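# Notes for the structure review
For reference, the chains in residue letters:
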Amino acid sequence: MGRTIIEDMIMKEVDRLLAKANESIKTGNKDFQLSSIVEICIGSIINQILLGYRFIGETEQEFYEIKNIMTKGIQIRGNPLATIVMFYPRVLKHLPYFRDYWKELNEAGQIFQDFISKQISSQLETFKLEGSPEEATNFGEAFFIEMHRREQNGDTNEFNLLQLRNLLIDLWIAGQETTTNTTNFGILYLLTHPEAQAKMQMELDKTIGNERRVTLADRSDLPYTNAVINETQRLCNLLPQNVLHYTTKDVVINGYKIAKGTTIAPQISCLLYDKDVCKSIVYRHKQQFDIL
Ligand code: HEM
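Because the structure is a prediction, the values reported are computed rather than measured.

### Comments concerning the site of the ligand
Neighbouring the ligand are the residues L171, A174, G175, T178, T179, T182, Q233, L239, N242, V243 and H245. Between the ligand and H245 there is a distance of 2.9 Å, counted from an oxygen atom to a side-chain nitrogen or oxygen. The greatest single-element share of the shell around the ligand, amounting to six residues, is contributed by helix α8 (residues 161-192). Of the residues belonging to the shell around the ligand, the class tally is four nonpolar, seven polar and no charged.

Structural data, given as structure tokens:
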């Protein structure tokens, strides 16, 4: 299977990441922070898919500004009090103490919404609307073409600028922090488990060599590297409190009756750290458990 446009995009960012890391090593830069290079690399991949441009040169600063706003918003949301306000906003947003959290939450959300709206107008306003979605080079363009096509038939229900803005926000937030933090956890685990690092390096040296980069097509030839990635995801337990779901019918789980329409907050760590569940994973992927 040949490389996809997305993979090429990712490889370009990986090259930039490695070049920056090597430069810092060469110049002995002690302030060098791998995590900030990882986050701009991932931000650039996501933004290219969504809006067609990378954060490089002049736009690097733009990335770090928006990233700080996003981190602040996530920290506020992570506070249990903010979660309580979100469950009962109509009443709690007027009460002292909760009121401040509500205000901070909205302010961070508003700045992020403004950033995305600005991106939509600057990136898409001049975009030629006559093309077909296949001609689009990013998600925003494809959405714009479909929105325009429907508008001509008087349909503005599902494809409109508000939907586009909210979709972009969802994808930005869902993709950025998760991927960045998982990657950073992976680096941290490898640093603190040199034996796993050496074993993975040995596999990469043997299978890939040092003449080229590892690509997605190598995946099935790298069982240990895959196992390290899977184990990183299991251990870092990135979203311990998963997104909310609700039951679509009455169910009984372990003898507990849960009525249709009940909100569920899944605790994924119950599975990730359960030896019985992980045993079956070990069974399917022999090298997966206890490698780190
Ligand atoms: C290591 C990286 C990632 C992790 C750990 C992660 C984790 C998760 C989890 C736990 C959920 C909830 C699943 C559920 O119970 O329904 C979820 C949903 C979602 N994620 Fe990710 N995610 C990652 C990367 C991404 C990326 C790169 C994107 C897109 C740019 C993305 C977009 C979404 C979306 C749109 C949903 C909601 C899907 C739905 O509506 O059911 N995620 N993710």
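### Looking at the confidence of the model for the protein chain
When pLDDT is averaged along the protein chain, the result is 86, and 91% of the positions lie at 70 or above. Confidence, read as mean pLDDT per element, is least for helix α12 (residues 275-284) in the protein chain (65) and greatest for strand β3 (residues 256-258) (96). Counting contacts from residues 285-289, a segment whose pLDDT is below 50, to residues more than four positions away or on other chains yields 10 contacts.

### Side note on helix α3 (residues 59-78)
Helical geometry note: an α-helix holds 3.6 residues per turn, so side chains three or four residues apart project in the same direction. With 20 residues, α3 should cover 28 Å at 1.5 Å per step; its first-to-last C-alpha distance of 29 Å lies within 8% of that length. All of the buried residues along α3 are T59, F63, I66, K67, M70, G73 and I76. Those residues of α3 that are buried are in contact with α2 (34-51), α4 (80-87), α6 (98-124) and α8.

### Some points on unusual backbone geometry
A positive phi is found at N237, a non-glycine position, where the angle reads about 45°. Within the secondary structure, N237 is located in the loop between α10 (223-236) and β1 (245-246). A positive phi angle is found at N254, which is not glycine, with a value near 50°. Note on placement: N254 falls in the loop between β2 (251-253) and β3. The exposure class assigned to N254 is exposed, which follows from its relative accessible area of 74%.

Cut-off values and rules
Residues numbered from 1 in each chain as written. Predicted model: local features only at pLDDT ≥ 70, side-chain atom pairs only at ≥ 80, totals over all residues. Heavy atoms only, no water. Near = heavy atom within 4 Å. Polar contact = N/O pair within 3.5 Å; in protein donor to acceptor, adjacent residues only side chain to side chain. Helix = DSSP H or I, 4+ residues; strand = E, 2+ residues; numbered from the N terminus. Nonpolar A, V, L, I, M, F, W, Y, C, P; charged D, E, K, R; others polar. pLDDT = per-residue confidence, 0-100. Contact = heavy atoms within 4.5 Å. Expected span 1.5 Å × (residues − 1). Buried < 20%, exposed > 50% of the residue type's maximum accessible area, 1.4 Å probe, protein only.

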